[in-house]
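# Tertiary structure, described
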Amino acid sequence: MGLTIREFREADTSALSRLWSLAFRSGKPRESDEPIVEGNSVYVAEVDGEVCGGFTIEHMDATRGDAVLRCGGVAGVAVLPESRFSGIGREMMRFGLERMRSDGYALSSLYPFKEGYYRRLGYEVAGQRFRISVDADRLPAVSSELAIRAGGAGDWEAFAEVYGVFARRYSGMWTRSEMYWRDFLKERSPAGVAYLLGDPAEGYVAVPQLGDFWGETSAREVVWTTPGGYRAALCVLKNLGVNRKRMTWFEPSDSPYLAQFFDYGAAVSLDRQIMFRVVDVAAALGGLRAEAEGEFSVEVLDDGLAENRGPWLVRFGGDGVFVERTDSADFRIGIGAFSQAVLGQPSLDRLAAHGLVSGGNVEAACRLLTPMPACCYNFF
């Protein structure tokens, strides 16, 4: 099998469109005006000159509290049905990891079709996102004094500011550009209607056009920066639910709803858990913000990217985080668990308690790799 993985060319459009149609659309053809590239990096796999696989890398930045790490979002991974179980998908992913590292990414993330498949490539689930679904008449009756108004593309800065404050509380959240927000808020967007909560805003709720009465409505995003903003968001959901059967929305693992308002009959589930992988150990550690000072050395066990193995000496404090190669390590950790520790959920101390760290004391490392809830509100 003469397998080649390379960058997408315009001549590949028909073959790649057919591939993605078979993999993700049950054979429904791609619309002719849908872009293939749209600012992302697109790659194809061909065997003996025929395109049989493809994937994209979305260019993004992911939060880790106040720090921002360059992150490649892997999407659209597909292989023609007749070419599956031949190793093409695995080779595409290996190519993608090496390309992301050479292009300067610290992290990679993806939504898996099967976690076990990507776990073998070094990815691991980090954080939690809960899907909360409540009968509309059982939504909590809370009051709010915040002004509530529908926003539009002209309000993008207010939405961006609220989201930015919210995102910095977590790791794994995308940063978002003006273009993203204008598209998010444009008329007939997937968000439908987006409501700003307060002036200045302390939250927002984005919902699709509501459609038929007595159905279920899923909010696209519920975001808040204050307890008052969260109560206002619940008010919006209850108002919208007057002629709905159920209201559904997403919250991170530190969910205020689960802490304060859970009522029997609410359906709560983990929803589409995102996986992360560190593709450059030195860049990931060096991009963090230190809340304390200290030093440690670590060896990362990474079968996919030999450059990550180290061992690495890490010094951190108020002037930054500095990473260099060294001769020995205080402890050893696999790339999947290390990626979770960098994100902060599960935290390094919890991973050590699970037996996923070997060879030494992680106390100093825990002062840098502090616990932090991880989540992602972007679907890709």
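Overview of the structure. (Residues numbered from 1 in each chain as written. Predicted model: local features only at pLDDT ≥ 70, side-chain atom pairs only at ≥ 80, totals over all residues. Heavy atoms only, no water.)

### Looking at the sheet that holds strand 15 (residues 267-270)
The strands that make up a sheet pair up through hydrogen bonds in the backbone, lying either parallel or antiparallel. Spatially, 12-14-7-15 is the arrangement adopted by the four strands of the open sheet, whose pairing is mixed. Strands with a single pairing partner mark the edges of an open sheet, and in this sheet they are strand 12 (216-218) and strand 15. In this sheet, adjacent strand axes meet at a mean angle of 20 degrees when their direction is disregarded. (Pairing = 2+ DSSP bridges. Helix = DSSP H or I, 4+ residues; strand = E, 2+ residues; numbered from the N terminus. Axes fitted to C-alpha atoms, helices over the stretch in contact; angles between N-to-C directions.)

### Here's the deal with the nonpolar core
Ranked by size, the top nonpolar core spans 84 residues in total, and within it Trp249, Tyr257, Phe296, Phe331, Phe338, Leu348 and Leu368 carry the most contacts. With seven residues, the single largest contributor to this core is helix 6 (residues 227-240). Setting aside its immediate chain neighbours within four residues, Trp249 contacts Phe130, Arg131, Ile132, Val134, Leu139, Ala219, Val222, Tyr230, Leu234, Leu237 and Tyr257. (Core = buried A, V, L, I, M, F, W, Y, C linked by side-chain atoms within 4.5 Å. Buried < 20%, exposed > 50% of the residue type's maximum accessible area, 1.4 Å probe, protein only. Contact = heavy atoms within 4.5 Å.)

### A look at the sheet that holds strand 8 (residues 148-151)
With antiparallel pairing, the four strands of this open sheet are ordered in space as 8-10-11-13. The open sheet terminates on both sides in strands that have one partner only, identified here as strand 8 and strand 13 (221-224). The mean angle between the axes of side-by-side strands here comes to 20 degrees, regardless of whether they run parallel or antiparallel. With five bridges connecting them, strand 10 (residues 193-197) and strand 11 (residues 203-207) associate as antiparallel partners. Residue Leu197 lies in a different strand from strand 11, and its bridge partner there is Gly203.

### Description of helix 2 (residues 88-102)
The terminal C-alpha atoms of helix 2 lie 21 Å apart, and with 15 residues this matches the ideal 21 Å at 1.5 Å per residue to within 8%. Listed in full, the buried residues belonging to helix 2 are Ile88, Gly89, Met92, Met93, Phe95, Gly96, Leu97, Met100 and Arg101. Just downstream of helix 2 lies Gly104, where phi reads positive at about 95 degrees. (Expected span 1.5 Å × (residues − 1).)

### Section: the packing of aromatic side chains
Here a ring pair, both rings aromatic, is described through the centre-centre distance and the interplanar angle of the planes. Within this structure, the stated rule accounts for 26 aromatic pairs. Measuring from centroid to centroid gives 5.2 Å for Tyr43 and Phe55, while their planes differ by 25 degrees, and the two rings are stacked. Residue Tyr43 is located in strand 2 (residues 41-47), and its partner Phe55 is located in strand 3 (residues 50-64); the two are separated by 12 residues in the primary sequence. The residues Tyr43 and Phe55 share a single accessibility class, namely buried. (Phe/Tyr/Trp six-rings, centres within 6.5 Å; stacked < 30°, edge-to-face > 60°.)

### Looking at a nonpolar patch on the surface
Taken together, Leu258, Phe262 and Val268 make up a surface patch of nonpolar side chains, about 230 Å² in accessible area. You can call Val268 partly exposed: its relative accessible area is 32%. (Patch = residues over 30% accessible without salt bridge, like charges linked within 9 Å, V, L, I, M, F, W, Y side chains within 5 Å. Areas by Shrake-Rupley, 256 points an atom, 1.4 Å probe, with all protein chains shown as cover. Salt bridge = Lys/Arg side-chain N within 4 Å of Asp/Glu carboxyl O.)

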